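Here is what each chain is made of, one letter per residue.
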Amino acid sequence: DFHGSFLNKVRDVVGGNPILLVLTKCDLLPKGTDLELLKEWARQEVEVKRRLTLAGIECVSSRKGDGIDKSVMAMFAERKGRDVYVIGS
């Protein structure tokens, strides 16, 4: 439930800073779900509708461990000496 879990006032927290959006629980999606299409849909929701700046989008499953390493590497790559804040709902 993207709309129910994405923080409505996230701009108040992040300002103009880029966001690394991590989509969780990807293991619960139906088999055959195209994760690239899911990422594109999420990109439209965040960049176009909410007008936020994305640094990237990653899909993860903490239960299976899928995508965790890639997400952490993306976070460090985008950090560029800045503090990192993890926001979730």
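Here the structure is a predicted model, which means the values were calculated and not measured.

**Q** Can you help me understand unusual backbone geometry in this one?
**A** Trans peptide bonds make up the majority, and among non-glycine residues the majority have a negative phi. A positive phi angle is found at Lys 25, which is not glycine, with a value near 60°. Note that Lys 25 resides in the loop between strand E1 (19–23) and helix H3 (35–49). Positive phi, close to 50°, is recorded for Lys 80, a residue that is not glycine. Mapped onto the fold, Lys 80 is located in the segment after helix H4 (68–79). Note on Lys 80: relative accessible area 62%, which makes it exposed.

**Q** Where do I start with the pattern of salt bridges in this structure?
**A** When the charged atoms of two side chains with opposite charge come close together, those side chains can pair. All chains considered together, the criterion is met by six salt bridges. Taking the shortest distance from any N to any O, the salt bridge between Glu 45 and Lys 49 comes out at 3.0 Å. Of this pair, Glu 45 and Lys 49 both sit in helix H3, separated by four residues, roughly a single helical turn. A residue is classified by how much of its surface remains accessible, and Glu 45, at 6% relative accessible area, is buried.

**Q** What exactly am I supposed to notice about the pairing of E1 here?
**A** Put simply, side chains in a regular strand alternate between the two faces of the sheet. Every second residue of E1 is oriented toward a common face, the buried set being Ile 19, Leu 21 and Leu 23 and the non-buried set Leu 20 and Val 22. Pairing between E1 and strand E2 (residues 54–59): five bridges, direction parallel. Bridging from a neighbouring strand, Leu 21 pairs with Ile 57 of E2. Of the crossover connections in this fold, the one passing from E1 over H3 to the parallel E2 is right-handed.

**Q** Sorry if this is basic, but what is going on with the environment of Leu 35 here?
**A** Positionally, Leu 35 belongs in helix H3. In this structure the C-alpha to C-alpha distance between Leu 35 and Leu 23, which are twelve residues apart in sequence, comes to 10.0 Å. Leave out the neighbours within four places in its chain, and Leu 35 touches Leu 29 and Cys 59.

**Q** Got a minute to help me understand H4 in this structure?
**A** Because each turn of an α-helix spans 3.6 residues, side chains separated by three or four positions in sequence point in the same direction. Counted at 1.5 Å a residue, the expected span for H4 with its twelve residues is 16 Å, and the 16 Å between its end C-alpha atoms agrees. Taken from the residues just after H4, Lys 80 is the one with a positive phi, measuring 50°.

**Q** Can you help me understand a nonpolar patch on the surface in this one?
**A** Taken together, the side chains of Val 13, Tyr 85 and Ile 87 present a nonpolar region at the surface, about 340 Å² in accessible area. In this fold, Val 13 is placed in helix H2 (residues 10–14).

Cut-offs applied
Residues numbered from 1 in each chain as written. Predicted model: local features only at pLDDT ≥ 70, side-chain atom pairs only at ≥ 80, totals over all residues. Heavy atoms only, no water. Helix = DSSP H or I, 4+ residues; strand = E, 2+ residues; numbered from the N terminus. Buried < 20%, exposed > 50% of the residue type's maximum accessible area, 1.4 Å probe, protein only. Salt bridge = Lys/Arg side-chain N within 4 Å of Asp/Glu carboxyl O. Pairing = 2+ DSSP bridges. Right-handed = clockwise from strand over helix to strand, strands pointing away. Contact = heavy atoms within 4.5 Å. Expected span 1.5 Å × (residues − 1). Patch = residues over 30% accessible without salt bridge, like charges linked within 9 Å, V, L, I, M, F, W, Y side chains within 5 Å. Areas by Shrake-Rupley, 256 points an atom, 1.4 Å probe, with all protein chains shown as cover.

These results come straight from atomic positions and should not be treated as a statement about function.
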